[in-house]
Amino acid sequence: MEKLEFSTNWNNKLDCKCFTAIRIYNPQKHFKGNKFHIFLQKKYKAKAEILSVGVIKIDSLTDYICYLDTGYSRAETIEILKKIYPRIDFKNTHLTVLLLKKIELPKPKQETLFNC
């Protein structure tokens, strides 16, 4: 299972059952049903599954998406993205807005100590 790493818990979203993530689009990773181990500052947070994938250009980001994802305005979020990805040419790059839902890990079966 792949990792989805966060350096910041923008808008405290990782504390919610469902949350969004804005990333550089990668069709091999970003598809409905794909599962990830979620990490915050290299510490495991949860396992999550992609419920929805939106592919957009940076100019198509809206205040709605940005406030939900980062807690900041569209302009502030674009500046954040440019700092996170300083070498990316956003005029020729697609972003994805992922909707993820935390999923439970299967609990191990407990063995009985005594067979009655």
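Residues numbered from 1 in each chain as written. Predicted model: local features only at pLDDT ≥ 70, side-chain atom pairs only at ≥ 80, totals over all residues. Heavy atoms only, no water.

A. Molecular detail of the layout of surface pockets. Roughly 260 Å³ of internal volume is contained in the largest pocket. Lining the largest pocket are 16 residues, with F6, W10, I22, R23 and I84 sitting closest to its centre. Mapped onto the lining of the largest pocket, the elements with two or more residues apiece are β1 (2-6), β2 (18-24), α1 (63-70) and α2 (74-84). Of the residues forming the lining of the largest pocket, the biggest block, four residues, is contributed by α2. Looking at side-chain class alone, the lining of the largest pocket contains eight nonpolar, four polar and four charged residues. (1 Å grid on protein atoms, 1.4 Å probe; cavity = no way out; pocket = protein on both sides within 12 Å on 5 of 7 lines; lining within 4 Å. Points joined across faces, edges and corners; volume = space filled by probe spheres on them. Helix = DSSP H or I, 4+ residues; strand = E, 2+ residues; numbered from the N terminus. Nonpolar A, V, L, I, M, F, W, Y, C, P; charged D, E, K, R; others polar.)

B. Quick peek at the pattern of salt bridges. Tallied over the entire structure, the rule returns three salt bridges. In this structure, K13 and D69 form a salt bridge, with 2.8 Å as the shortest nitrogen-oxygen distance. Of this pair, K13 sits in the loop between β1 and β2 while D69 is found in helix α1, placing the two residues 56 residues apart along the sequence. D69 carries the same exposure label as K13, and that label is buried. (Salt bridge = Lys/Arg side-chain N within 4 Å of Asp/Glu carboxyl O. Buried < 20%, exposed > 50% of the residue type's maximum accessible area, 1.4 Å probe, protein only.)

C. Inspection of α1 at higher detail. Where α1 is concerned, the buried positions are C66, D69 and T70. The buried residues of α1 occupy one face: seen down the axis, they fall within an arc of 75°. On the buried face of α1, the contacting elements are β2 and α2. Phi turns positive one or two residues past the end of α1, at G71, with a value near 85°. (Arc of directions from axis to C-beta. Contact = heavy atoms within 4.5 Å.)

D. Representation of α2. Of all the residues in α2, the buried ones are T77, I78, I80 and L81. Projected down its long axis, α2 carries its buried residues within an arc of 160°, all on one side. For α2, the exposed residues lying more than 90 degrees away from the buried face are A75 and K83. On its buried side, α2 packs onto β2, α1 and β5 (95-103).

E. Examining the nonpolar core more closely. The biggest cluster of nonpolar side chains holds twelve residues, and these are L4, F6, L14, F19, A21, F36, I38, L40, A48, I50, L98 and L100. Looking at this core, the elements that each hand over two or more residues are β1, β2, β3 (35-40), β4 (43-56) and β5. At three residues, the largest contribution of residues to this core is made by β3. Residues within four places of A21 in sequence aside, it is in contact with F6, K13, D69, T96, V97, L98 and L100. (Core = buried A, V, L, I, M, F, W, Y, C linked by side-chain atoms within 4.5 Å.)

F. Quick peek at the sheet that holds β4. Ordered in space as β1-β3-β4-β5-β2, the five strands form an open sheet in which the pairing is mixed. Sheet topology places β1 and β2 at the edges, where each strand pairs with a single neighbour. On average, adjacent strands in this sheet sit at an angle of 40° to one another, irrespective of strand direction. By the bridge criterion, nine bridges tie β4 to β5 in an arrangement that is antiparallel. Note that in β5 the partner of V55 across the bridge is T96. (Pairing = 2+ DSSP bridges. Axes fitted to C-alpha atoms, helices over the stretch in contact; angles between N-to-C directions.)

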